[in-house]
Amino acid sequence: MTTSAARTAAVASVSFHDVLSDDGTVLRAWTNDPAGRIDGPTVVLCNGLGTNAYAWPALLDPDCDVRVVSWNHRGVGGSDRPADPSHVEIEHFVEDGLSVMDHFGIDKAVLMGWSMGVNTMFELAVRHPERVRGLFAVAGVPGDTFATMLAPLRLPRPVARAITVNLSRAMSLGGRALTPIAARLPIGPRTIDLLSHTGFMFPVKDVELAAEAVREFLTTPLDWYFHLALSTSRHARVSLSRVTVPCAFVAGSWDILAGARDMASAAARLEDATYVELRGTHFIAMEQPEVVHDLLLEFIARVG
């Protein structure tokens, strides 16, 4: 199968469902098992902020042995914006996750989070422990994420937080003017190759699917995306003493959006947690999809 054909097959493997959240917001949920044929455990994915299914090549492989259920954030990828634009805090994402689980008939599951989705899944585990079997964190920390950004630069946490929050604030104000430009950017393999040499992202396994993920990401107006980011920046660190399920952390050594040191620190404070650090960035699920997926399968087996 050619790379292009593989990308087409991966995109076709995603099916979408409309789900009503508690405050009346209609969400676009998705699964990698449209025909209900995957004979494996179900994992609920709390995805990275504003991201999509195509950032997970291993999960779109028909032989991945894991049924994944997830959703697109409010105002992203076909999900409606809430009637109240302030309803985009982590607590609202938790309610969205519960609504998606209820829609698919999932009483209890392993949760997997990426980036800001790690905040969501830890908050869900604290508020609704009866719905969670385990927590698999990829390139994300359990709260106060903005203070962990720019970690490879070794900046003090207050400085890192001030820089990243103020940048998000500026982009939320000026994003409307930049959105038409971003929406017209020609995203293809050459763009991904360029990104992979910036240090922000390392070379990815599936260039075509990565391009699809970026194209889909850029359909969200930038002012709305950074409005979401500012709202989530207010999420404080979760009290880990209230987390009672097994956890696993998979970090990228060169991640500038979720510091590896902070992930290691969180794992060390939990009674039943593992920590693995890979040579990669925030996008390790695209850079080393097989490795991350094997770690997920090992975790699922450990949780039982």
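In this report, the structure presented in the accompanying data block is examined. (Residues numbered from 1 in each chain as written. Predicted model: local features only at pLDDT ≥ 70, side-chain atom pairs only at ≥ 80, totals over all residues. Heavy atoms only, no water.)

Turning next to the sheet that holds strand β6 (residues 132-138). A sheet is described by the order of its strands in space; here 8 strands give the open sequence β1-β2-β4-β3-β5-β6-β7-β8, paired in mixed fashion. Pairing within the sheet leaves two strands with one partner each, and these edge strands are β1 (15-20) and β8 (273-278). Each strand of the sheet is rotated relative to its neighbour by a mean of 20 degrees, with strand direction disregarded. (Pairing = 2+ DSSP bridges. Helix = DSSP H or I, 4+ residues; strand = E, 2+ residues; numbered from the N terminus. Axes fitted to C-alpha atoms, helices over the stretch in contact; angles between N-to-C directions.)

Our focus in this paragraph is the nonpolar core. Formed by 97 residues in total, the largest nonpolar core has its most connected members in Trp56, Phe122, Leu135, Phe136, Val243 and Phe249. With sequence-adjacent residues up to four places away left out, Val243 is seen in contact with Phe122, Val126, Leu135 and Leu270. (Core = buried A, V, L, I, M, F, W, Y, C linked by side-chain atoms within 4.5 Å. Buried < 20%, exposed > 50% of the residue type's maximum accessible area, 1.4 Å probe, protein only. Contact = heavy atoms within 4.5 Å.)

Moving on: the side chain of Asn52. Mapped onto the elements, Asn52 comes out in the loop between β3 (42-46) and β4 (67-71). A polar contact is formed between the side chain of Asn52 and the backbone nitrogen of Tyr54, at a distance of 3.1 Å. Those residues in contact with Asn52 that lie beyond four places of it in its chain are Asn47, Asn72, Ala213, Glu216 and Phe217. (Polar contact = N/O pair within 3.5 Å; in protein donor to acceptor, adjacent residues only side chain to side chain.)

In this section: the packing of helix α2 (residues 90-103) against helix α3 (residues 116-127). Helix-helix packing is characterised by the crossing angle of the two axes and by the distance between the axes. The contact between α2 and α3 brings their axes to 9 Å, and the two run at 75 degrees. Between α2 and α3, the interaxial angle falls into the category roughly perpendicular. Between α2, through Ile90, Glu91, Phe93, Val94 and Leu98, and α3, the contact on the second element is made entirely by Met116, Asn119, Thr120, Glu123, Leu124 and Arg127. A breakdown of the residues in the contact of α2 with α3 according to their chemical character gives 6 nonpolar, 2 polar and 3 charged. (Parallel < 35°, antiparallel > 145°, perpendicular 65-115°, else oblique. Nonpolar A, V, L, I, M, F, W, Y, C, P; charged D, E, K, R; others polar.)

To continue, consider a nonpolar patch on the surface. On the surface, a cluster of nonpolar side chains totalling about 270 Å² of accessible area is made up of Leu178, Ile181 and Leu185. For Ile181, the position within the fold is in helix α4 (residues 157-183). A residue is classified by how much of its surface remains accessible, and Ile181, at 54% relative accessible area, is exposed. (Patch = residues over 30% accessible without salt bridge, like charges linked within 9 Å, V, L, I, M, F, W, Y side chains within 5 Å. Areas by Shrake-Rupley, 256 points an atom, 1.4 Å probe, with all protein chains shown as cover. Salt bridge = Lys/Arg side-chain N within 4 Å of Asp/Glu carboxyl O.)

Before going further, it helps to examine the pattern of salt bridges. Overall, the coordinates contain 14 salt bridges when judged by the stated rule. Its salt-bridge partner being Glu89, residue Arg234 comes within 3.0 Å of it at the nearest N-O pair. In this pair, Arg234 is assigned in the loop between α7 (222-232) and β7 (247-252) and Glu89 in the loop between β4 and α2, connecting sequence segments 145 residues apart. Given a relative accessible area of 53%, Arg234 falls into the exposed group. Using a relative accessible area of 19% as the deciding quantity, one classes Glu89 as buried. In this structure, Arg237 and Asp262 form a salt bridge, with 4.0 Å as the shortest nitrogen-oxygen distance. Placement of the pair is Arg237 in the loop between α7 and β7 and Asp262 in helix α8 (residues 260-268), with a sequence separation of 25 residues. Relative accessible area serves as the criterion here: at 14%, Asp262 is assigned to the buried category. Members of the salt-bridge network, linked through shared partners, are Asp144, Arg157, Arg161, Arg237 and Asp262.

On the surface, Asp39, Asp61, Asp63 and Asp65 cluster together into a negatively charged patch. Structurally, the position occupied by Asp61 is in the loop between β3 and β4. (Lys, Arg positive; Asp, Glu negative; His and termini not counted. Charge placed at Lys NZ, Arg CZ, Asp CG, Glu CD.)

With that out of the way, let us pick up the environment of Pro57. As for its placement among the helices and strands, Pro57 is situated in the loop between β3 and β4. Each C-alpha atom of the pair Pro57 and Ala213 lies 9.9 Å from the other, and the pair is 156 residues apart in sequence. The contacts of Pro57, once residues within four sequence positions are left out, are Leu209, Ala285, Met286 and Pro289.

All quantities given are derived from atomic positions and should not be read as evidence of function.
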